[in-house]
Amino acid sequence: MRYYSTNGQAPLATLEKAVVRGLAEDRGLYMPESIRPLGSAFFDNIQDMTLHEIALAVADRFFGEDIPAERLKEIVCDTLSFDIPILKVTDTIYSLELFHGPTLAFKDVGARFMARLLAYFVRGGQHAANAGREVNVLVATSGDTGSAVANGFLGVEGVHVYVLYPKGKVSPIQECQFTTLGRNITAIEVDGVFDDCQALVKSAFMDADLCRHMMLTSANSINVARFLPQSFYYFHAYAQMKRLGKADNLVACVPSGNFGNICSALFGKRMGLPIKRFIAANNANDIFFDYLRTGVYSPKPSVQTIANAMDVGDPSNFARIYDLYGKSHEAIRADISGASYSDTQIADTMRECLSSNGYLLDPHGACGYRALQEGLREGETGFFLETAHPAKFKQVVDDITGGDVEIPGRLAAFMRGKKQSVPMPKDFPSFKEYLMQA
Ligand SMILES: *Cc1c(COP(=O)(O)O)cnc(C)c1O
């Protein structure tokens, strides 16, 4: 499969190039040249298939031409070593729990898949251009991305990960998930804010000396290897709903920030997945919601909320959705509607859902649950993605519910580890000097 750029000014790329580069030369996002549908026989039998069988069939449509079947099977099974259950919350609303992976957030799947795909290429792949080279992954994080990427790449030979995070601005639970790992993971504690971390990463990619010195790549959701595998969730959710006899008039609701997750769902629909429509649930960062109403896309600076993994003022995957729908506002609106909630509304929703249904939401999932509560029409059944375990946001969740959410064993284990990080000023020359000596 070849990949084109949403900006249309870059040459077509192989899968390997798209994964190693991340962004196209013209700063556009890579898109697969074709989306191959799964036939009706697949959907007729999907309720009898396991998560691995479903994911493998989907992965084959995207990556089957480029990765030998046996290798792809290993990558898929290794990536999905945990369950993705769907739970009934009300008569018409179900929760797809994506937080049973190593760092208790949905980014685990994409990060693990990308790590294994990159490892395949650097280990020699099929005529891989980058065989034998060490790849250095730079990732700036305000929390969730760093932990998922660091854990996804932990121990992967030939790849070194540098996680840049703002000193004192990341919750202690999140911090220990990428500072206690060691091995091929280096945590860099930047004396600045998240934007400084991101600026350092961007400057590094543009620095000619550094790029000659070492092979650099990024692991955020613009990477095709991170975002495409997220479509597995939606096929698996559909299979589970079909088993429950609830697959008709199905609505999927996705708490969205950079829109990578919902974008993968829309690819799923293009492959034939019978989901009727989608809702993108936002916090106060309502750029997409505004676009749906007005037809004008105008990015804004992000505002801080209690659902902070969705604090995005210029969602990077908007370009992909726009391209997928032929730049048509009408076509986008026909498949996707939106919602936007303030912190007060999120908190109210968390309390309401706990008292009415006995189900504890995290602040991100709360946006999804509420958007279904308000948006489902007669005869529809909805599921929302519960994108993180409430314990990841313990302080916020306990303050809102007055409870004491239990920290799962996996998280507690991270917290017992020893913190190791490299202190770094926020100026680029210091960071460059550090990398040149690494
Ligand atoms: C990253 C993240 C989101 C947003 O996902 P996008 O793909 O960026 O839209 C939502 N919830 C949680 C917990 C996240 O970590």
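See the structure above.
Figured I'd write up the structure that's included with this text. Quick caveat, the model's predicted, so the values are computed rather than measured. (Residues numbered from 1 in each chain as written. Predicted model: local features only at pLDDT ≥ 70, side-chain atom pairs only at ≥ 80, totals over all residues. Heavy atoms only, no water.)

### Structural notes on the packing of helix α3 (residues 51–63) against helix α4 (residues 69–79)
At step 1: Interaxial distance between α3 and α4 falls to 10 Å at its minimum, and their mutual angle equals 130 degrees. Relative to α4, the element α3 is oriented oblique. When you trace α3 past α4, the crossing you get is right-handed. Contact with α3, carried on its side by His-52, Ala-55, Leu-56, Ala-59, Asp-60 and Phe-63, involves Leu-72, Lys-73, Val-76 and Cys-77 of α4 and no other residues of that element.
At step 2: Across the contact of α3 with α4, the residue classes break down as seven nonpolar, one polar and two charged. (Axes fitted to C-alpha atoms, helices over the stretch in contact; angles between N-to-C directions. Helix = DSSP H or I, 4+ residues; strand = E, 2+ residues; numbered from the N terminus. Parallel < 35°, antiparallel > 145°, perpendicular 65-115°, else oblique. Left-handed = near helix turned anticlockwise from the far one by under 90°. Contact = heavy atoms within 4.5 Å. Nonpolar A, V, L, I, M, F, W, Y, C, P; charged D, E, K, R; others polar.)

### Some details on the site of the ligand
At step 1: Around the ligand, 15 residues are found, and the nearest of them are Lys-107, Asp-144, Gly-257, Asn-258 and Thr-387.
At step 2: The separation between an oxygen atom of the ligand and a polar side-chain atom of Lys-107 is 2.4 Å.
At step 3: Coverage of the ligand by the protein amounts to 97% of the 390 Å² it exposes when considered alone.
At step 4: Grouping the amino acids of the shell around the ligand by side-chain chemistry returns six nonpolar, seven polar and two charged. (Near = heavy atom within 4 Å. Polar contact = N/O pair within 3.5 Å; in protein donor to acceptor, adjacent residues only side chain to side chain. Areas by Shrake-Rupley, 256 points an atom, 1.4 Å probe, with all protein chains shown as cover.)

### Here we look at the sheet that holds strand β4 (residues 93–97)
At step 1: Read from one edge of the open sheet, six strands run β3-β4-β12-β9-β10-β11, paired in mixed fashion. One side of each edge strand has no neighbouring strand; the edge strands of this open sheet are β3 (86–88) and β11 (336–340). Direction aside, neighbouring strands of the sheet carry axes that sit 25 degrees apart on average.
At step 2: Note that β3 and β4 share three bridges and pair antiparallel. Within the sheet, the bridge partner assigned to Leu-87 lies in β4 and is Ser-95.
At step 3: The strands touched by helix α12 (residues 260–270) within the sheet are β9 (250–255), β10 (277–282), β11 and β12 (381–386), with β10 carrying the most contacts at an inclination of about 175 degrees. (Pairing = 2+ DSSP bridges.)

### A word on the pairing of strand β6 (residues 159–166)
At step 1: Burial within β6 is extensive, with eight of its eight residues counted as buried.
At step 2: On β6, burial covers both faces: Val-159, Val-161, Val-163 and Tyr-165 on one face and His-160, Tyr-162, Leu-164 and Pro-166 on the other are all buried.
At step 3: Bridge analysis of strand β5 (residues 135–140) against β6 gives six bridges, and the strand direction is parallel. Along β6, the bridge assignment pairs Val-137 with Val-161.
At step 4: Read from β5 through helix α6 (residues 144–153) to β6, the crossover connection turns out right-handed. (Buried < 20%, exposed > 50% of the residue type's maximum accessible area, 1.4 Å probe, protein only. Right-handed = clockwise from strand over helix to strand, strands pointing away.)

### A few points about the pattern of salt bridges
At step 1: Under the criterion given, the structure shown has 21 salt bridges.
At step 2: Residues Arg-2 and Glu-33 are paired through a salt bridge, measuring 3.5 Å at the closest nitrogen-oxygen approach. With a gap of 31 residues between them, Arg-2 in the segment before β1 (3–5) and Glu-33 in the loop between β2 (30–32) and α2 (40–45) connect regions that are remote in the sequence.
At step 3: Note on Arg-2: relative accessible area 45%, which makes it partly exposed.
At step 4: Residue classification places Glu-33 among the partly exposed residues on the basis of a relative accessible area of 40%. (Salt bridge = Lys/Arg side-chain N within 4 Å of Asp/Glu carboxyl O.)

### Remarks on the sheet that holds β5
Through backbone hydrogen bonds, the strands of a sheet pair up, either in parallel or in antiparallel fashion.
At step 1: Pairing is parallel in the open sheet, where five strands are placed in the order β8-β5-β6-β7-β13. Because the sheet does not close on itself, it has two edges, and the strands there are β8 (215–218) and β13 (422–424). Taken over all neighbouring pairs, the strand axes of this sheet differ in orientation by 30 degrees on average, direction set aside.
At step 2: Across the sheet, helix α5 (residues 107–122) is in contact with β5, β6 and β8; its angle to β5 comes to roughly 155 degrees.

### Remarks on the environment of Ala-24
At step 1: Along the chain, the position of Ala-24 falls in the loop between α1 (15–21) and β2.
At step 2: Here Ala-24 is in contact with Ser-5, Ala-10 and Tyr-30, once residues within four sequence places are set aside.

### A look at helix α13 (residues 287–294)
At step 1: Restricting attention to buried positions, one finds in α13 the residues Ile-287, Phe-288, Asp-290, Tyr-291 and Leu-292.
At step 2: Of the surrounding secondary structure, the elements contacted by the buried residues of α13 are β10, α14 (318–324), α15 (329–335) and β11.
At step 3: One or two positions beyond α13, positive phi appears at Gly-295, with a value near 80 degrees.

### Brief notes about the nonpolar core
Within soluble globular proteins, side chains that are nonpolar tend to cluster in buried spots.
At step 1: The biggest cluster of nonpolar side chains holds 139 residues, and the ones touching the most others in it are Phe-63, Phe-153, Tyr-234, Phe-235 and Phe-383.
At step 2: No other element matches the 11 residues that α5 contributes to this core.
At step 3: Formed by 17 residues, the second largest nonpolar core is a distinct cluster that contains Leu-138, Leu-164, Leu-210 and Leu-216. (Core = buried A, V, L, I, M, F, W, Y, C linked by side-chain atoms within 4.5 Å.)

### Some thoughts on the side chain of Asp-362
At step 1: Among the structural elements, Asp-362 can be located in the loop between α16 (343–357) and α17 (363–375).
At step 2: Despite being buried, Asp-362 has no salt bridge partner; Lys-392 is the closest side chain of opposite charge, sitting 9.2 Å away.
At step 3: Side-chain polar atoms of Asp-362 contact the side chain of His-364, separated by 2.6 Å.
At step 4: Excluding its chain neighbours within four sequence positions, the residues that come into contact with Asp-362 are Met-350, Glu-386, Thr-387, Ala-388, His-389, Pro-390 and Phe-393. (Lys, Arg positive; Asp, Glu negative; His and termini not counted.)

### Things to note about α3
At step 1: Here α3 spans 17 Å end to end across 13 residues, near enough to the 18 Å set by a 1.5 Å rise per residue.
At step 2: Restricting attention to buried positions, one finds in α3 the residues Leu-51, Ile-54, Ala-55, Ala-57, Val-58, Ala-59, Phe-62 and Phe-63. (Expected span 1.5 Å × (residues − 1).)

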